[in-house]
Amino acid sequence: MTPTPRTFPADFLWGAATASYQIEGAVDEGGRGPSIWDTFSHTPGKVLHGDTGDVAADHYHRMAEDVAHMKELGLEAYRFSIAWPRIQPAGRGAANPEGLDFYSRLVDELLAAGIRPVATLYHWDLPQALEDEGGWTARSTAEAFAGYARVVAEALGDRVWMWTTLNEPWCSSFLGYASGVHAPGRTDAAASLAAVHHLNLGHGLAVRAIRDVLGDDARVSVTLNLHVTRAATDAPEDLDAKAQVDAVANEVFLGPMVDGAYPDRVRTDTAHLTDWSFVQEGDLELIRQPLTALGVNFYSTGRVRRLGGDADLAEAARADGHGASSHSPWVGCDRVEWLPQPGPHTAMGWNIEPQGLVDVLLELHERYPTLPLMVTENGAAFEDEVTEDGRVHDDRRVAYVHDHLEAVGRARDAGADVRGYFVWSLMDNFEWAYGYDRRFGVIRVDYDTLQRTWKDSALWYREVVRTRTLVPAGEAASLAQVGSTAEASPQPR
Ligand code: FCB
């Protein structure tokens, strides 16, 4: 059967995503205070090649140019994050007008370009001053987060189209406080569970603060990286290993945020680490707030089996996909082994399995039929090459995005209420522990000149957005070719 092109409806939102520390640079400008990622990236050995976000893609100085690229791409929405330390350099108190002004100008520029601003309040750059008081292990950080949300809502609430409280709290808690491959680089399993709760609480308090300022109609979401994990076999012990991982990867956020409860499983599995006394009376009511949409970030899938004897245990894989550590982010999952996934893989070593996206979207839809979904990140790092013609023929990225959009289409066909798709990322950027070594952009950034160049994937994505139509994979590759020869100068002025 020849596949036919797939057209998305007129109200499906096409976007691209970035995050503040990954693109902005200008870390000492505009009254910005230090964040945990400044401290972490400047600590020798934490980030590949010693890269830091000091300059990044220099978006802080090139914001107008970058919005012009978005307009040229035809984006309907742009998902960016606000750097908390630009707004409150020490994490609380009066807002820094220069910090607010930067995002106010960005939002105005987006609106003038006909692009809806989707603002994430926390994409990992916690003010260092708050980390010095315990960071997310401290309840006071959740309270400070609500104060920050209020200040930003007051300043930008008339123009931001949708708010996202947190990006991937799994990474903030378990990579930040358990495996330590992300800032603040702590390796304390018990602390990571306190961080989970305070991130959840911060989410709930921030939703309330935003709605307090903007009214109940304000669009508010949260973005989770729900892990799609398969059991290696149908044996009960492997299925149980999968359930154990699901609980600590997904349920520990979805449970309180959407259902109003922590999964018993996680409490039992981690009883030797903590008594969970950080959960205070009334917290679960505060955390569970109505959401306009749930953001889903998806890149790859995992496979687990139950470990048997003690010899196995010593060999347990430390799979977290974001860096190497001898401490596992899989708190309470000591007898779970992560198995290598069959290829193909991206430059992150992440396997490519678009069916995983279909599965997670459908599962969410079945569980929460009335909760709209958005794919708030999806994309791939590959070893891009600039060819003699000065272009980047990133066919594999085109294929990756194509196949995942096809997955979104299939999930929608089966009833999932997926309202939009944001490609990660608009441009190459600071990929956390991997620094500038891994490139996710559809637009290339030359880190010497900071020049932006459209890759074939950008040309291809523009066509998809313009026509709202996904053509079958083989044709997609040739479309990218057409784009790259027909377009002498795809760069906006
Ligand atoms: C996600 C992050 C995003 C980016 C992608 C590749 O976990 O939210 O900032 O690093 O991975």
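Let me sum up the structure you'll find in this document. Note on numbering: residues in each chain are counted from 1, in written sequence order. Totals for whole chains, interfaces and linings use all residues, but because this is a predicted model, local features are given only for residues with pLDDT of at least 70 and pairs of side-chain atoms are given and counted only at 80 or more. Side-chain measures were taken over the full set of non-hydrogen atoms in the model, leaving aside hydrogen atoms and water.

## Thoughts on the overall build of the protein
Here is step 1: Within the protein, the regular secondary structure consists of 17 helices and 15 strands.
Here is step 2: Only C-alpha atoms enter the radius of gyration, while the globule expectation follows 2.2 Å times N to the 0.38, with N the number of residues. In terms of overall size, the protein behaves like a compact globule, its C-alpha atoms giving a radius of gyration of 21 Å where 493 residues would be expected to give roughly 23 Å.
Here is step 3: For the protein, the spread of C-alpha atoms along the principal axes amounts to about 65 × 55 × 45 Å.
Here is step 4: Relative accessible area decides the class of each residue, using a 1.4 Å probe on protein chains only: under 20% of the type maximum gives buried, over 50% gives exposed, and in between gives partly exposed. In the protein, buried positions account for 61% of the 493 residues.
Here is step 5: Here, two residues are considered to be in contact whenever any of their heavy atoms come within 4.5 Å of each other. Across the protein, the fraction of contacts at a sequence separation of at least 24, relative to all contacts at a separation of at least 6, is 78%.
Here is step 6: Methods summary: accessible areas were calculated by the Shrake-Rupley approach with a probe of 1.4 Å, and residue burial reflects only the protein chains presented. A total of about 17,900 Å² of accessible surface is found on the protein, and carbon and sulfur atoms cover 50% of it.
Here is step 7: Working convention for charge: Lys and Arg count positive, Asp and Glu count negative, and His plus the chain ends are omitted. For this purpose, a charge sits on NZ of Lys, CZ of Arg, CG of Asp or CD of Glu. Side chains of the protein carry 43 positive and 72 negative charges; the gap between the two charge centres is 3 Å. Counting from the N terminus, the helices are DSSP H or I runs at least four residues long and the strands are E runs at least two residues long.

## Observations regarding the packing of aromatic side chains
Here is step 1: Note on ring pairs: Phe, Tyr and Trp rings are taken, using the six-membered ring of Trp, and paired if centres are within 6.5 Å. Classes follow the plane angle, with under 30 degrees stacked, over 60 edge-to-face and the rest tilted. Under the definition given, this model contains 34 aromatic pairs.
Here is step 2: Between the aromatic rings of Phe 145 and Tyr 148, the centroid separation amounts to 5.9 Å while the plane-to-plane angle is 45°, which identifies the pairing as tilted. With a gap of three residues between them, Phe 145 and Tyr 148 both fall in helix α7 (residues 139–156), about one helical turn apart.
Here is step 3: Residue classification places Phe 145 among the buried residues on the basis of a relative accessible area of 0%.
Here is step 4: Using a relative accessible area of 0% as the deciding quantity, one classes Tyr 148 as buried.
Here is step 5: Here the aromatic residues Tyr 21, Trp 37, Phe 40, Trp 124, Phe 430, Trp 432, Tyr 436 and Tyr 447 are joined through ring pairs into a cluster of three or more.

## Observations concerning the nonpolar core
Burial of nonpolar side chains together is a common tendency in soluble globular proteins.
Here is step 1: Put simply, a nonpolar core is a bunch of buried Ala, Val, Leu, Ile, Met, Phe, Trp, Tyr and Cys residues held in one set by side-chain atoms that sit within 4.5 Å of each other. By size, the foremost hydrophobic cluster in this structure holds 163 residues, and its most contacted members are Trp 37, Ile 82, Tyr 122, Trp 163, Leu 361 and Leu 405.
Here is step 2: Considering every element that reaches this core, the biggest residue donor is helix α9 (residues 189–214), with eleven residues.

## What to know about the sheet that holds strand β4 (residues 116–122)
Here is step 1: Only when DSSP finds a minimum of two bridges between them are two strands counted as paired. Spatial strand order, β2-β3-β4-β5-β6-β8-β11-β12: eight strands in a closed barrel with parallel pairing. Ignoring which end each strand starts from, the neighbouring axes of this sheet average 25° apart.
Here is step 2: Set on the sheet, helix α8 (residues 169–177) makes contact with β4, β5 (162–167) and β6 (220–224); between it and β5 the angle comes to about 20°.
Here is step 3: The sheet contacts of helix α14 (residues 355–367) involve β8 (293–297), β11 (373–377) and β12 (418–424), and relative to β11 the element is tilted by about 145°. Geometry is summarised by axes, namely lines fitted to C-alpha atoms with helices restricted to the contacting stretch, and by angles between N-to-C directions that run from 0 to 180 degrees.

## Things to note about the environment of Trp 350
Here is step 1: You can see Trp 350 is positioned in the loop between β10 (336–338) and α14.
Here is step 2: Classification of Trp 350 as buried rests on a relative accessible area of 12%.
Here is step 3: Spatially, the C-alpha atoms of Trp 350 and Thr 7 are 29 Å apart, while their sequence positions differ by 343 residues.

## Overview of the pattern of salt bridges
Here is step 1: When a carboxyl oxygen of Asp or Glu is within 4 Å of a side-chain nitrogen of Lys or Arg, the pair counts as a salt bridge. Across all of its chains, the model carries 34 salt bridges by this definition.
Here is step 2: Residue Asp 38 pairs with Arg 32 through a salt bridge whose shortest N-O separation is 2.9 Å.
Here is step 3: Looking at Asp 38, the relative accessible area reads 9%, which means it is buried.
Here is step 4: A relative accessible area of 10% means that Arg 32 is categorised as buried.
Here is step 5: The partner of Asp 428 in a salt bridge is Lys 455, and the shortest N-O contact between them spans 2.8 Å.

## Thoughts on the side chain of Arg 79
Here is step 1: Among the secondary structure elements, Arg 79 is positioned in strand β3 (residues 77–81).
Here is step 2: What makes Arg 79 buried here is its relative accessible area of 0%.
Here is step 3: We define a polar contact as two N or O atoms separated by no more than 3.5 Å, with the added condition that, inside protein, one atom must be a possible hydrogen donor and the other a possible acceptor, whereas residues neighbouring each other in sequence contribute only through side-chain atom pairs. A polar contact is formed between the side chain of Arg 79 and the side chain of Glu 377, at a distance of 3.0 Å.
Here is step 4: Non-local contacts of Arg 79, meaning those with residues more than four positions away in its chain, are made with Ala 16, Ala 17, Thr 18, Val 118, Thr 120, His 123, Asn 167, Thr 223, Asn 297, Thr 376, Glu 377 and Phe 422.

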